[in-house]
Every structure is written in C-alpha cells, then in structure tokens.
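Each chain is listed here by its residues.
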Amino acid sequence: MQISPAWRRIACVFLPFAAGYYLSYLFRTINALIASHLSSDTGLGNADLALLTSVYFLVFAAAQIPVGILLDRFGPRRVQSALLLVAAAGAALFAVSTGFLLLLIARAMIGLGVAAALTAGLKSIVLWFPRERVALLNGYMVMLGSLGAVTATAPVEHLLAWMGWRQLFEILAAATAATAILIYVVVPERGTIPSTARATLSSVFRDWRFWRIAPLSATCVGSSWSMQGLWASPWLTDVEGLDRPSLVRLLFIMAIVLSGGAWLFGMAVHQIKRRGIGAEAILAMVAMLFIAAELALVLRAPLPSILPWSIVAIVGTATVVSFAVIADYFPPELAGRANGALNVLHFGWAFLAQYATGLILEQLSANDGHRTVQAYQVAFGVNVALQIGALVWFALPWGRYLASWMRSIPFFVPANVFNVVESVSLYENSVVLIPADDDAEW
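Residues numbered from 1 in each chain as written. Predicted model: local features only at pLDDT ≥ 70, side-chain atom pairs only at ≥ 80, totals over all residues. Heavy atoms only, no water.

A. Molecular detail of the overall build of the chain. Helix and strand counts for the chain stand at 18 helices and 0 strands. Burial status across the chain gives 50% buried among its 442 residues. A total of about 20100 Å² of accessible surface is found on the chain, and carbon and sulfur atoms cover 68% of it. (Helix = DSSP H or I, 4+ residues; strand = E, 2+ residues; numbered from the N terminus. Buried < 20%, exposed > 50% of the residue type's maximum accessible area, 1.4 Å probe, protein only. Areas by Shrake-Rupley, 256 points an atom, 1.4 Å probe, with all protein chains shown as cover.)

See the structure below:
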C-alpha cells in the first residue's frame, strides 16, 4: 500500500519531534511526583528543592535565543538530535548523583538538552506543513507532548512502587538517547527559501506587538508550569490535606486536562483564524480565567480542588495560542528566533516563579518547618498581582481604541465640544467666497 505524502510527513517529521517534546514535558513535571523521595534521600529543603527543579527552567530559558538561531540556520533535525543526547547524559548523571551539586548539574544538563524540544517541533511544522494547518498541528504537538505530564503521575507512581527513582532516570536516559537517534535517522532535511528581508533577532525585539503579548503569555504560561511542575503537590498535601493516592489521582486528572487543553486550543485557534479573527482574544480570555482560578485558590473559595487546579493545568498549553499569534507576526525564516525569544520569557518566568515561591515558603513557614496556608497565599498572590499588571498592559491598545470609539458617539461627547462644533458651523456659514487673483503670490 502506498502512503500518501501527508501521512509520510506525519510519520517522518511530526511524530519524531512530538516524541522529543513528550520527553521534555516528562522531565519538566516529574519532580512534582518524586519531590518527597528526593527530600528523604538527599535531605533537600524547600529552597533547595525549588532551585533544583527550577534550574531546568533557567537553563532552558538561557538557551532559547541560541537555539532559535541554530534552528533557523541548521534546521530542527540536527539541532534537536544533538541536544537530546545532552539530555540523555544529564538523566544518566541524575540517576547516579548523591549530592545536591551533582543533582543540580544533571538537572541543568537535562534542561539544556530539551531546550529545543518545542521550538524544533514548531519549526518543523512551519517548514513541512501548509500555513493554514500550523495552529492545528501546534495544538496536536503540544497535546502529544503533554502526555509526558500524564506519564509523570499515576504511571510513574506505579513504576516507583517496584523500582527507585534512580532506576527510573536510567530508563529515561536510554529513551532520550533512542529518540535522538530516531530523529537524526528518520527526519529528512528541509531547505528554507531565503527571504529578501533582513531576518535578525533584533527584528523580533523591535516589534512592539511582541512586547505587547510577551509579558501576559510569560506570566500566565510560566506560572502554570511552575505550579503544576512542583508546587501543586505540596499545596494539595499541606493545604488540602490529601493523602498520597488522592494526590496522585488529582495530579493525573490535571495532566489529562493539560493534554486535552492543547487540542482544544489548537482547534479553537484553527477555527477562528479561518474566520479572519486573531488569536489575541483567546489569550486574553485564558489569562482572565487563569487569574480567577488562582484567586479561588488564594481566597480559599468553597470549590472542589479539581476545578481551579484543572484551569491552572490547562493554561500551561496556552503556548499553542501564543505561538499562533507569533506565527502571524513574523515570516517563516524568523520562526525559530521569534518562538525562541518568547520561550525565553516563558521559561525565565517559570524559573523565577518556582524559585521565588520556594523562598517565600521558606521564609514564612512555621518554626517547625511546616508550610502554612498563609505562606502559600502570599506566594501565589504575588504571582496573581503581576499577571493582572501584564493583562492591563496587554489590554491598553484595546482600551485606547474603545475610548476613541466612545468619543465618536454623540452621547459621550462633552458639552463644550458641541459648542465648538456649533461655532465652527456658524463661522463656515459666514464665509464669503472671493474670486482668486491670478497674479496673487501664494
């Protein structure tokens, strides 16, 4: 049976990069489940655990600009396969590390190794698939990748019942190396058409549209990754009082919602763009919903825990919306740089939010080291305040447009404006037309 070119591209391009992003998501969220094992085996405190987990985001963010340039220059196949070998080495080192410093170095290597996981996949979609399908395929890419978060809950919990976390990371190291080889062998090369415009990173940073969307996307997506990747588990244990089976079950539901959210966002963006509507409106609605969910947690609203935490999880896939907006702003030859620049802010904020939350909890914990509800409320509340500020910044152009539109309606025009209009009308009625003098100097 002959395989159609579309399915061949799916099998040889889309799925291998989706596998790489799956491993990236698994590494990103697995510390939420093994946090208690790490603390008991290595004696890590709140701040140490926060730094160990968040250094992934720090290195990931620092690598985004160089990775974006490399993707635009050498293509996603070679860049992704080489970096995944670094992630495999980091996972192997994490499995044998006994001290905090070695664990930190290993976690940083993992962050560097999967730094191109998403942007390489997005770049490959831009290169190999029709432009009108980009948003939809981005959604499928994030959906399949976020299954790594699903794996990092109940499936990993069952694995930990008969093997230690060190053996688990040995398996992850082997799987990552195998994925790197798969991408290098299976994915074909794809040349890019040179643009007549000068494609530079400064073209991205000079665009005011980028700086309008970037703060809102970063504070929402990064905070979602921070909360689900580490702090959901301690909150549910310390504040909600869940036992271990209930905790794993809720984390599993959050991961399923996360995966479904990527598909939902991809479909929504695909449908509204077919109708000529921009994706910015979806991002604004997602941000408002996320802020409401966080406020429900901070204010201890009488709601089932699964509702606000599911919203927190689903916002982590709002990158589908953000990257769809970026794809409309910049040409394909700038896709790697533009996505990398936005990802710098995503992961940079995730690092800051995750580590700062650990520091706040460390400072505001009780004398016996127990994390209090008030400490969580302060830590999460600071995040919410910054997100509200980013939302206001994002909405400013719309506010100015609304104010201009309201001023054009007679009901909203001040009384003195009518007086001016009336005076001008009377003056115009009194104007006398005088024949022009052909010899006059103008």
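B. View of the confidence of the model for the chain. Taken residue by residue, the chain gives an average pLDDT of 82. The fraction at 70 or more is 86%. Across residues 193-197, confidence stays below pLDDT 50; counting only partners more than four residues off in sequence or on other chains, it has 1 contact. Within the model, the stretch residues 411-442 combines pLDDT values under 50 with 4 contacts to residues more than four positions away or in other chains. (pLDDT = per-residue confidence, 0-100. Contact = heavy atoms within 4.5 Å.)

C. Here's a closer look at the environment of Ser39. Of note, Ser39 is situated in helix H1 (residues 5-42). When the C-alpha positions of Ser39 and Leu49 are compared, they lie 7.5 Å apart, and in sequence the two are 10 residues distant.

D. Fine view of helix H15 (residues 319-329). Burial of H15 is extensive: 9 of the 11 residues sit out of reach of the surface. Every buried residue of H15 is accounted for by Thr319, Val320, Val321, Ser322, Phe323, Ala324, Val325, Ile326 and Tyr329. The secondary structure elements touched by the buried residues of H15 are helix H5 (117-128), helix H6 (134-145), helix H11 (208-238), helix H12 (244-274), helix H13 (280-298) and helix H16 (335-364).

E. Broad picture of the packing of H1 against helix H2 (residues 46-74). Following both chains from N to C, one finds H1 and H2 inclined at 165 degrees, their axes separated by 9 Å at the closest point. With respect to their mutual orientation, H1 and H2 come out roughly antiparallel. As H1 runs across H2, the sense of the crossing is right-handed. Across the interface between the two elements, Ser24, Phe27, Arg28, Asn31, Ala35, Leu38 and Ser39 of H1 pack against Leu49, Leu52, Thr53, Tyr56, Phe57 and Phe60 of H2. (Axes fitted to C-alpha atoms, helices over the stretch in contact; angles between N-to-C directions. Parallel < 35°, antiparallel > 145°, perpendicular 65-115°, else oblique. Left-handed = near helix turned anticlockwise from the far one by under 90°.)

F. The arrangement of the side chain of Thr319 in detail. Residue placement: Thr319 occurs in helix H15. Not counting residues within four places of it along the chain, the set of residues in contact with Thr319 comprises Val142, Val221, Trp225 and His346.

G. Spotlight on the environment of Gly121. Positionally, Gly121 belongs in helix H5. Judged by its relative accessible area of 0%, Gly121 is buried. Separated by 105 residues in sequence, Gly121 and Pro16 have C-alpha atoms that sit 8.8 Å apart. Those residues in contact with Gly121 that lie beyond four places of it in its chain are Phe17, Ala116 and Met141.

H. Broad picture of the pattern of salt bridges. Within the structure shown, the criterion is met by 8 salt bridges. Arg337 is the salt-bridge partner of Asp72, the closest N and O atoms lying 2.9 Å from each other. Note that Asp72 is positioned in helix H2 and Arg337 in helix H16, a separation of 265 residues in sequence. Judged on exposure class, the residue Asp72 and its partner Arg337 are both buried. Each of Asp72, Lys123 and Arg337 takes part in salt bridges that share partners, so that together they form one network. (Salt bridge = Lys/Arg side-chain N within 4 Å of Asp/Glu carboxyl O.)

I. The nonpolar core, seen in detail. Grouped together as the largest cluster of nonpolar side chains are 135 residues, with contacts concentrated most on Phe27, Phe169, Trp309 and Phe380. No other element matches H1, which puts 14 residues into this core. When sequence neighbours within four positions are dropped, the list of residues in contact with Phe380 reads Met227, Trp231, Trp235, Val298, Trp309 and Thr357. (Core = buried A, V, L, I, M, F, W, Y, C linked by side-chain atoms within 4.5 Å.)

J. Fine view of the packing of H2 against helix H4 (residues 100-113). At a minimum axis separation of 8 Å, H2 and H4 run at an interaxial angle of 30 degrees. Our pair here, H2 against H4, has a crossing hand that is right-handed. The segment H2 lies against H4, with Asp48, Leu51, Leu52, Thr53, Val55, Tyr56, Val59, Phe60 and Ala63 engaging Phe100, Leu103, Leu104, Arg107, Ala108, Ile110, Gly111 and Leu112. Considered class by class, the residues forming the contact of H2 with H4 number 13 nonpolar, 2 polar and 2 charged. (Nonpolar A, V, L, I, M, F, W, Y, C, P; charged D, E, K, R; others polar.)

K. Expanded view of the side chain of Thr153. Position of Thr153 among the secondary structure elements: in the loop between helix H7 (147-151) and helix H8 (154-162). Those residues in contact with Thr153 that lie beyond four places of it in its chain are Leu33, Val248, Leu251, Phe252 and Ala255.

L. Up close: the packing of aromatic side chains. For the structure shown, the criterion picks out 20 aromatic pairs. Measuring from ring centre to ring centre gives 5.5 Å for Tyr21 and Tyr25, while their planes differ by 70 degrees; the resulting arrangement is edge-to-face. With Tyr21 and Tyr25 both in helix H1 and 4 residues apart, this pair spans about one turn of that helix. Take Tyr21 and Tyr25: they sit in the same class, and that class is buried. Taken together through their ring pairs, the aromatic side chains of Tyr56, Phe57, Phe60, Trp225 and Phe347 make up a single cluster. Note that Arg77 overlies the ring of Tyr184, its terminal NZ or CZ placed 4.2 Å from the centroid. (Phe/Tyr/Trp six-rings, centres within 6.5 Å; stacked < 30°, edge-to-face > 60°. Lys NZ or Arg CZ within 6 Å of the ring centre and 35° of its normal.)

M. Representation of the environment of Leu251 in the model. Turning to its location among the elements, Leu251 is positioned in helix H12. Here the alpha-carbon distance between Leu251 and Ala149, two residues 102 residues apart in the chain, equals 8.9 Å. The residues contacting Leu251, other than those within four sequence positions of it, are Leu33, Thr153, Ala232 and Leu236.

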